[in-house]
Amino acid sequence: MSPIVKRKGEKFTLPGKYLLFILTILCTGLIVLTFHTDILSAPASTIGGFFVTPLQEGISKAGSWMHTRSEELVQIRSLLKENEELKAQIDELTMENIRLQQDRYELTNLRELYELDAQYDEYDKVGARIIAKDTGNWFHSFVIDKGYDDGLAIDMNVMAGSGLVGRITDVGPNWAKVMSIIADNSNTSGMVLSTSDNLIVSGDLELYAEGVISFEKLVDSADRVVEGDKIVTSNVSDKYLPGILIGYISSINVDSNNLTKSGLITPAVDFEHLEEVLVVTQLKQTVGDS
Amino acid sequence: MRRFLLSAALVIFSFIMQSTVFKELEFGGIVPNLMIVLTASFGFMRGEKTGLIIGFFCGLLVDIFFGGVLGLYAMIYMYIGYLNGKFNGIFYPEDIKLPLGLILGSDLLYGMLCYITMFLLRGRFHFSYYFLNIILPEMVYTILVTLFLYPAILWINRKLEDKEQRSARKFV
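Just so it is clear, the model here is predicted, and its values are computed rather than measured.

Rules used in this analysis
Residues numbered from 1 in each chain as written. Chains lettered and ligands numbered in written order. Predicted model: local features only at pLDDT ≥ 70, side-chain atom pairs only at ≥ 80, totals over all residues. Contact = placed C-beta atoms within 7 Å. Helix = DSSP H or I, 4+ residues; strand = E, 2+ residues; numbered from the N terminus. Nonpolar A, V, L, I, M, F, W, Y, C, P; charged D, E, K, R; others polar. Axes fitted to C-alpha atoms, helices over the stretch in contact; angles between N-to-C directions. Parallel < 35°, antiparallel > 145°, perpendicular 65-115°, else oblique. Left-handed = near helix turned anticlockwise from the far one by under 90°. Domains from an automatic or database assignment. pLDDT = per-residue confidence, 0-100.

## Thoughts on the interface of chain A and chain B
And step 1. Each partner contributes to the interface: chain A provides 39 residues, whereas chain B provides 38 residues.
And step 2. Of all the elements in the fold, those that place two or more residues in the side of chain A that touches chain B are α1 (16–36), α2 (41–51), α3 (53–114), β1 (125–133), β2 (141–144) and α4 (205–208) of chain A.
And step 3. Looking at which element gives the most residues to the side of chain A that touches chain B, the answer is α1 of chain A, with ten residues.
And step 4. By residue class, the composition of the side of chain A that touches chain B is 20 nonpolar, 15 polar and four charged.

## Focus: the packing of α1 of chain A against helix α4 (residues 48–66) of chain B
And step 1. Between α1 of chain A and α4 of chain B, the shortest axis-to-axis distance is 8 Å and the interhelical angle comes to 20°. Classed by the angle they form, the pair α1 of chain A and α4 of chain B counts as roughly parallel. The way α1 of chain A lies across α4 of chain B gives a crossing that is left-handed. Contacts between α1 of chain A and α4 of chain B pair Gly 16, Leu 19, Leu 20 and Leu 23 of chain A from the former with Glu 48, Lys 49, Leu 52 and Phe 56 of chain B from the latter.
And step 2. The residue makeup of the contact of α1 of chain A with α4 of chain B, split by class, is five nonpolar, one polar and two charged.

## As for the domain arrangement of chain A
All names here are of chain A.
And step 1. Parsing chain A into structural domains produces domain 1 (40–117) and domain 2 (124–283).
And step 2. Its C-alpha centre places domain 1 at a distance of 17 Å from the equivalent point of domain 2.
And step 3. Each partner contributes residues to the interface: domain 1 has ten residues there, and domain 2 has eleven residues.
And step 4. Secondary-structure elements contributing two or more residues to the side of domain 1 that touches domain 2 are α2 and α3.
And step 5. Split by residue class, the side of domain 1 that touches domain 2 holds no nonpolar, nine polar and one charged.

## Things to note about the confidence of the model for chain B
Predicted coordinates in regions of low pLDDT should not be interpreted in detail.
Residue and element names in this part refer to chain B.
And step 1. Put simply, chain B has an average pLDDT of 88, and 99% of its residues get 70 or more.
And step 2. The spread of mean pLDDT over the elements of chain B runs between helix α2 (residues 21–24), the lowest at 77, and helix α5 (residues 72–85), the highest at 93.
And step 3. Here the predicted complex scores 0.75 on pTM and 0.76 on ipTM.

So this is what it looks like as structure tokens:
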């Protein structure tokens, strides 16, 4: 008899293949629905935040404690050697420091002169702790312990120290998901600080092990951009605030079309050991806003 | 009811462990996939339906927290659970070879599906790199973790089955 028709007294059960079929349709529907819109992200994130985030917070602390202990054991030996080297370096650096302080004094004066106050300091920032990282090995997103209850919103920029980490792509009441700029699906509009040439910075899983990210579409016909140049977020990006440090160019080569250049960037942030991040609670002004 | 609660707890437990503790204990940037172990084990221990439901919820959790769209991981995990359920008929708790083989195969399938849906479709054709550096290490690491995790899942399942049989007998 057909498994769907219910016989009297028989307990109704749905066979596996029908359930599979129904859930497949449900999943496909969800994928289509959430590909361009974010209707469902609010209820889903609320549920997630309710069940999972409080637990993650505690266990994450335990995890990082274990991690620190294991790293300590490994590092003790190398630390002793490093200590001697560092002591020698201190003398060297003290000399350099004095020289740099003089330079800095000059720089501050010049900045005041041109009213070029460092732009970062104007952004309001909120500190947040990373409580969970992407479960898979394909992408590099993570979850932080603050959400819209703390005033965060989608597309807010996330920094660590002085460099750009990524931006918030999803937000719940007490958590937010951050997509990092080194993730394979991330593209950031950047510019070379010294020449203001625009370029596209994209994360690449193949380069992840080397600790670099790639950039492309740099138009630099005058060959003014060199290795070591600072890359910051550009003015034309619609998600990122301008002037946040992304990293430094580590290699550069001309594309086969002879018009553009591409190469590698060493990020300013150490993504391996991120624990706390700063969220800039200010959104980039876009064309629609007034 | 007891089975339902315990399954839900296991799903949430493995998700949290994987996103926190195991992420800190990575080797060369690779983490094992606990949720594949869980989904596959429930698949061949309890049958297609349990496998696909456990898989669906594992995937949904990943989707909510880390996925780009809702439902993609859910679908991948669900199919893996369902396919493992097909092997329920030839599963014996004493034999460890079949579970290890199935979990290895499931992780390979998971890696392949992830590559195809999220990388190949975006024009990343360098398959050999992804296979050697992401999929293969993850399989090795997952199977290592399975050696410890699988007996625990088996034990939980056996306890549950004992309890259910006892209460069924009492009822008769």
